[in-house]
Amino acid sequence: MAIEFQVTFDSADPTAHAAFWAEATRYIQQPPPSGFDSWDAALDAWGVPAEQRNDRAALIDPDGVGPRLFFQKVPEPKTAKNRVHLDLRAATGVPPEGRSDALEAECSRLVALGARRLQRLEADGINGVCIVMQDPEGNEFCLD
C-alpha cells in the first residue's frame, strides 16, 4: 500500500506563495474543516490571532489524485539551490512537434504570475526540451 504524502514549502508569505502554486498546478485551496463555512470562521473559533493567519496555507488536487501542497511560514530567506524540486508536466500528451510551443506558452503564463525563467535546456536525444524556472520565492522547478 502506498503512503500518502504532501509536498511542503518553506515560505515568507504562505498565502501569496500558495496562490501562485494554485494557478501553476490548477489546485484549489483546501476547504475549511467540517462545520465551518470559511477558514476565517474556523480560525476565529480556534482563537488564532490575526497576525498568525498567514502562517500556513494548503492546496489540494481538485481531482483527489495529486499530493497536498503545504506552505509554512519560516523566518529565514531561501539561500541555496533546492535539493528537490517539482517538475510541472506541462506538455504531457502534446505531439513532439508542438512540445516546445506548449512549454513556452506555459512559461509565459507562469512568468505573468510572478515566476522567473532561468534557462531552457534543449532536447538531447535522451531528454526532451525543459525550461528551468523559479517560483516567486525563488524555489526552482522545471517545465517539461
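Located above this text is the structure these notes cover.
Residues numbered from 1 in each chain as written. Predicted model: local features only at pLDDT ≥ 70, side-chain atom pairs only at ≥ 80, totals over all residues. Heavy atoms only, no water.

(A) Broad picture of the sheet that holds strand E8 (residues 140–143). Reading across the sheet, the 4 strands line up as E5-E8-E7-E6 and stay open at both edges, with mixed pairing between neighbours. This sheet does not close on itself; its edge strands, each paired only once, are strand E5 (86–88) and strand E6 (116–121). Here the strands of the sheet are splayed against their neighbours by 25 degrees on average, with no regard to which way each runs. Strands in contact with helix H1 (residues 14–25) are E5 and E8; relative to E5, the strand with the most contacts, it is inclined by about 45 degrees. Contacts from helix H3 (residues 96–112) reach E5, E6, strand E7 (130–134) and E8 within the one sheet, and its direction differs from that of E7 by about 10 degrees. (Pairing = 2+ DSSP bridges. Helix = DSSP H or I, 4+ residues; strand = E, 2+ residues; numbered from the N terminus. Axes fitted to C-alpha atoms, helices over the stretch in contact; angles between N-to-C directions. Contact = heavy atoms within 4.5 Å.)

(B) Looking closely at H1. Over its 12 residues, H1 runs 16 Å from end to end, which matches the ideal 16 Å to within 8%, given 1.5 Å per residue. Looking only at H1, the buried set comprises Pro14, His17, Ala18, Phe20, Trp21, Ala22 and Ala24. Tucked inside the fold, the buried residues of H1 contact strand E1 (6–11), strand E3 (56–60), strand E4 (68–73), E5, H3 and E8. Positioned one or two residues after H1, Arg26 has a phi angle of 65 degrees, which is positive. (Expected span 1.5 Å × (residues − 1). Buried < 20%, exposed > 50% of the residue type's maximum accessible area, 1.4 Å probe, protein only.)

(C) Just the packing of aromatic side chains, in detail. Scanning the model with the defined rule gives 7 aromatic pairs in all. Ring geometry for Trp39 versus Trp46: centroids 6.4 Å apart, planes at 70 degrees, classification edge-to-face. Taking relative accessible area as the criterion, Trp39 reaches 27% and is therefore assigned partly exposed. (Phe/Tyr/Trp six-rings, centres within 6.5 Å; stacked < 30°, edge-to-face > 60°.)

(D) Representation of the environment of Glu4. Within the secondary structure, Glu4 sits in the segment before E1. Classification of Glu4 as exposed rests on a relative accessible area of 79%. Taking the C-alpha atoms as reference points, Glu4 and Ala18, separated by 14 residues in sequence, lie 20 Å from one another.

Interpretation note: all reported values are geometric properties and have no functional meaning in isolation.
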